[in-house]
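Each chain, letter by letter, is given below.
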Amino acid sequence: MNKYFSFALGVASIGLVACQQAPTQKCCNDKMSDADIEARIDTILPQLSIEEKAAMCHAQSKFSTPGVARLGIPELWWSDGPHGVRAEINWNDWGYASWNNDSCTAFPALSALAATFNPDLAYIYGVALGEESRYRKKNVILGPGVNIYRTPLNGRNFEYMGEDPFLASTLVVPYIHGVQSTGTATSVKHYALNNQEEDRMGVNVQVSERALRELYLPAFKAAIVDGKAWTIMGSYNRYNNQHCCHNEILLMDILKKEWGFDGVVVSDWGGAHDTKEAARFGLDVEMGSFTNGLDAQMGNFGWDDYNLARPYINAIKKGELPESDLNDKARRILRLNFRTNNNWGPGRMTCEAHMKTAHDIAREAVTLLKNEGNILPLDPAKQMKIVVIGENATRTLVKAGGSSELKPKYEIAPLDGIKKQFPNADIQYATGYTSGPAFYGFAPAPKEDQKKLKAEAVELAKSADVVIYVGGLNKNYQQDCEGGDRQSYELPFGQDALIDAIAEVNKNIVVVLASGNAYSMPWLDKVNAVVQSWYLGSEAGNVIAEVLDGTINPSGKLPFSFPVKLADSAPHSFNDPMVYPGVDHQQIYKEDILVGYRWHDTKGIKPLFPFGFGLSYTTFDVKDIKVSNSANEIKVAANIANTGAVCGAEVLQVYVGKVDSKVSRAQKELKGFLKIMVDKGNSAAINISVPVESLKFFNEETHSWELEKGKYMVYVGTSSADILETVEIEL
Ligand code: BGC
């Protein structure tokens, strides 16, 4: 048998036919081992011409790369990510292809997943997403994103997992395991330091090696070393004055050498800029480059003009660049091909099981920030007048936001969920404000309209037993949206004034706000309850209503701090454009290692709501907290009792800080947590283990991780500010 047919056999998922044709081959249900894969690559690689190898290193369409047709090596198909499988895009441009079989399950945004503090949910998220990707014949899903939340203005924070590297690392690994257990590759993004959208293509981030290692790289490292992600996406911005898609330090020294990454580095779409650098500094697959042909949408569409296409082939043929780098790239790409085409199942899409997964994750994400007088949950048996106000009550929040936008099979709007969940109530609705359509560069609605909408809403609110305000950010440009940062920390579209006006006429106000970012709440004292509802995907409206009527007891915790005002957040406290957003494409991270709660704690700046915070409809009593340690491990044990009237979940958090450190340190850092569900009247034992290894700091002089001996403080609590016990230990 032709050995290339056997390649195709090994990778075909339509294995039954192949089995009948070649009964002597390994059973079609067997997966090739890593050793098999390498052996196959050894056989194939010498057969490939320079042109064939280079072809695999760059796009042939917006979202695919070629295989080798004559040898039966399949194409690779890539798709956004990371909250569902994006609808099909045209071959040659960014338009949607208008297929009618590409609606997906919309899972909650990754910031919502982070709020669950539940790695088991990250795993089932990954499995369901991987299955949808397989059904849609995608080899690679572009996600998860793990850029650290540095500023509340970043338009893409909703796609990331918060401000803490330990939290993001703990969640990213099971997400990757879940996706890749289905045979779909993940592409961890955006590596690295893509912490804002402002000047995202140009900005050169100057950050200390220590902050890079301690804050911005750990989640990527976890994704590669523990998660074993099969691909990673380079970011648009620059580090060390070199674009991150071909960056010697990030891709060669750290990723490939230090972390031993054996997968594929893909550029962000249009993130590659130079043939020589791309060839030498670690880029394997170039996507979305803005070549002239492509810009003009004509001729050969520029696919051959990519940095890793004709210019690369010519340079190798002239002896200017070695073929060995190309061989390494081709090997990695073939490896990805075998990994993702290895007799995996066909997957499935928009099935009940996936909708349930989306629902389950959303249920644990919703975060209750305030509940004065226990106004929540509202009694669904009661006959009352509920006035729902706010544009997000009826607006789709899935079909916008940039590349993560989805075409969901359905998305339940909050108003529909509330109507279903409160059948006895008289429910009336007013939008209260308008934000305009969700596309780039929209013009705000005329002031007169806003005035009229506000007046109507306030009038309606007067007669309500309770007002449920459903607003927040949305995914319009310069809100939670790719390509631009927020322009201010306040809620947009006049919502602060609207909430104030409602509070003047009604004393029972429940505020439900969607966002993937923090915002100021000048009206906080005037409302009874605040529910942070994130972007919850297909099941959003059902889940919000289930929280409001108590079907669900909220258990989400904030994966980032809510500063009182923008100037309280680390990068903005300097009031220096060099720190944010940068000047002349240069930016300095002056806050260094103190981001988020690390900044608030260390500088003594009280946040509005701290990292790790979230209320419940029940009460917990955490007792018998015991901290002990050996040379390798800190052990925290406690007992938690549910002393309230309903079942609920609490997240016990362990932070550690060094006393009298020889280097500057954050007061404390999250090193362990456990989410535990306890039934009313019951109690449970909690054990959390912190490896001493994780207390190391990065020494910039020796360029290595170092453990300081001496006294450490262990803080055990239910948020970074609600500390129940502080214990000093000696290492
Ligand atoms: C985004 C990536 C995305 C890619 C493909 C880029 O603009 O930054 O996150 O995966 O486009 O849509």
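All figures in this text were calculated on a predicted structure; none of them were measured in a lab.

Draft legend 1. Spatial organisation of the overall build of the chain. If you tally the helices and strands in the chain, you get 21 helices and 25 strands. In terms of C-alpha radius of gyration, the chain reaches 26 Å, essentially the compact-globule figure of 27 Å for 731 residues. Seen along its three principal axes, the alpha-carbon backbone of the chain occupies a region of about 75 × 60 × 55 Å. A sequence separation of at least 24 residues applies to 75% of the contacts in the chain between residues at least 6 apart.

Draft legend 2. Seen up close, the packing of aromatic side chains. Applying the stated criterion across every chain yields a total of 24 aromatic pairs. Ring geometry for F107 and Y125: centres 5.3 Å apart, planes at 35°, overall tilted. Remark: Y125 occurs in helix α6 (residues 119-135) and F107 occurs in the loop between β2 (76-80) and α5 (110-116); sequence separation between them is 18 residues. In this structure, F107 and Y125 share a single accessibility class: buried.

Draft legend 3. Highlighting the pairing of strand β11 (residues 385-389). With 5 of its 5 residues buried, β11 lies for the most part within the structure. Burial of the side chains of β11 extends over both faces: K385, V387 and I389 are buried on one face and I386 and V388 on the other.

Draft legend 4. Representation of helix α7 (residues 165-180) in the model. Taking 1.5 Å per residue, 16 residues should reach 22 Å; α7 reaches 22 Å between its end C-alpha atoms and fits that length. With respect to burial, α7 is a largely interior element, 13 of its 16 residues being buried.

Draft legend 5. Representation of the site of the ligand. Near the ligand lie 15 residues; those nearest to it are D80, R156, H190, D268 and E482. With respect to the ligand, the side chain of H190 contributes an N or O atom lying 2.7 Å from an oxygen atom. The separation between an oxygen atom of the ligand and a polar side-chain atom of R200 is 3.4 Å. Bound to the protein, the ligand loses 97% of the 310 Å² it would expose on its own. Among the residues making up the shell around the ligand, the classes are represented as 6 nonpolar, 2 polar and 7 charged.

Draft legend 6. Molecular detail of the sheet that holds strand β1 (residues 64-65). Sheet architecture is open: 6 strands sit in the order β1-β2-β3-β4-β6-β9, paired in mixed fashion. On the outer flanks of this sheet lie β1 and β9 (264-267), each paired with one strand and no other. Where strand β6 (residues 231-234) meets β9, 4 bridges bridge the pair, whose relative direction is parallel. By the bridge assignment, G234 is partnered in β9 with S267. Against the sheet, helix α14 (residues 323-340) makes contact with β2, β3 (140-142), β4 (185-191), β6 and β9, and its axis sits at roughly 80° relative to β2, the strand it touches most.

Draft legend 7. Focus on unusual backbone geometry. Between G143 and the following residue, P144, the backbone shows a cis peptide bond with an omega angle of 5°. One can find P144 in the loop between β3 and α7. Cis geometry marks the peptide bond from K189 to H190; its omega dihedral reads -5°. Inspection of the secondary structure puts H190 in strand β4.

Draft legend 8. Molecular detail of the environment of W91. The residue W91 is located in the loop between β2 and α5 in this model. Between the alpha carbons of W91 and D601 there is a distance of 50 Å; along the sequence they are 510 residues apart. Contacts of W91, omitting those with residues within four sequence positions, involve Q60, S61, K62, S64, W77 and W303. Within the structure, W91 has its side chain in polar contact with the backbone oxygen of Q60 (distance 3.0 Å).

Draft legend 9. A look at the pattern of salt bridges. On inspection of all chains with the given rule, the structure shows 44 salt bridges. Here R331 and E38 are joined by a salt bridge, their closest N and O atoms 3.1 Å apart. Highlighted residues: R331 in helix α14 and E38 in helix α3 (residues 34-44), separated in sequence by 293 residues. Each of R156, E159, E197, R200 and E482 takes part in salt bridges that share partners, so that together they form one network.

Draft legend 10. Main features of the sheet that holds strand β16 (residues 586-588). Spatial strand order, β8-β7-β5-β16: 4 strands in an open sheet with mixed pairing. For this open sheet the edge positions go to β8 (242-243) and β16, each flanked by a neighbour on one side alone. As paired elements, strand β5 (residues 204-206) and β16 share 3 bridges and run parallel to each other. Looking at the pairing, V205 lines up with Q587 of β16.

Conventions adopted
- Residues numbered from 1 in each chain as written.
- Predicted model: local features only at pLDDT ≥ 70, side-chain atom pairs only at ≥ 80, totals over all residues.
- Heavy atoms only, no water.
- Helix = DSSP H or I, 4+ residues; strand = E, 2+ residues; numbered from the N terminus.
- Rg over C-alpha atoms; globule rule 2.2 N^0.38 Å.
- Contact = heavy atoms within 4.5 Å.
- Phe/Tyr/Trp six-rings, centres within 6.5 Å; stacked < 30°, edge-to-face > 60°.
- Buried < 20%, exposed > 50% of the residue type's maximum accessible area, 1.4 Å probe, protein only.
- Expected span 1.5 Å × (residues − 1).
- Near = heavy atom within 4 Å.
- Polar contact = N/O pair within 3.5 Å; in protein donor to acceptor, adjacent residues only side chain to side chain.
- Areas by Shrake-Rupley, 256 points an atom, 1.4 Å probe, with all protein chains shown as cover.
- Nonpolar A, V, L, I, M, F, W, Y, C, P; charged D, E, K, R; others polar.
- Pairing = 2+ DSSP bridges.
- Axes fitted to C-alpha atoms, helices over the stretch in contact; angles between N-to-C directions.
- Salt bridge = Lys/Arg side-chain N within 4 Å of Asp/Glu carboxyl O.

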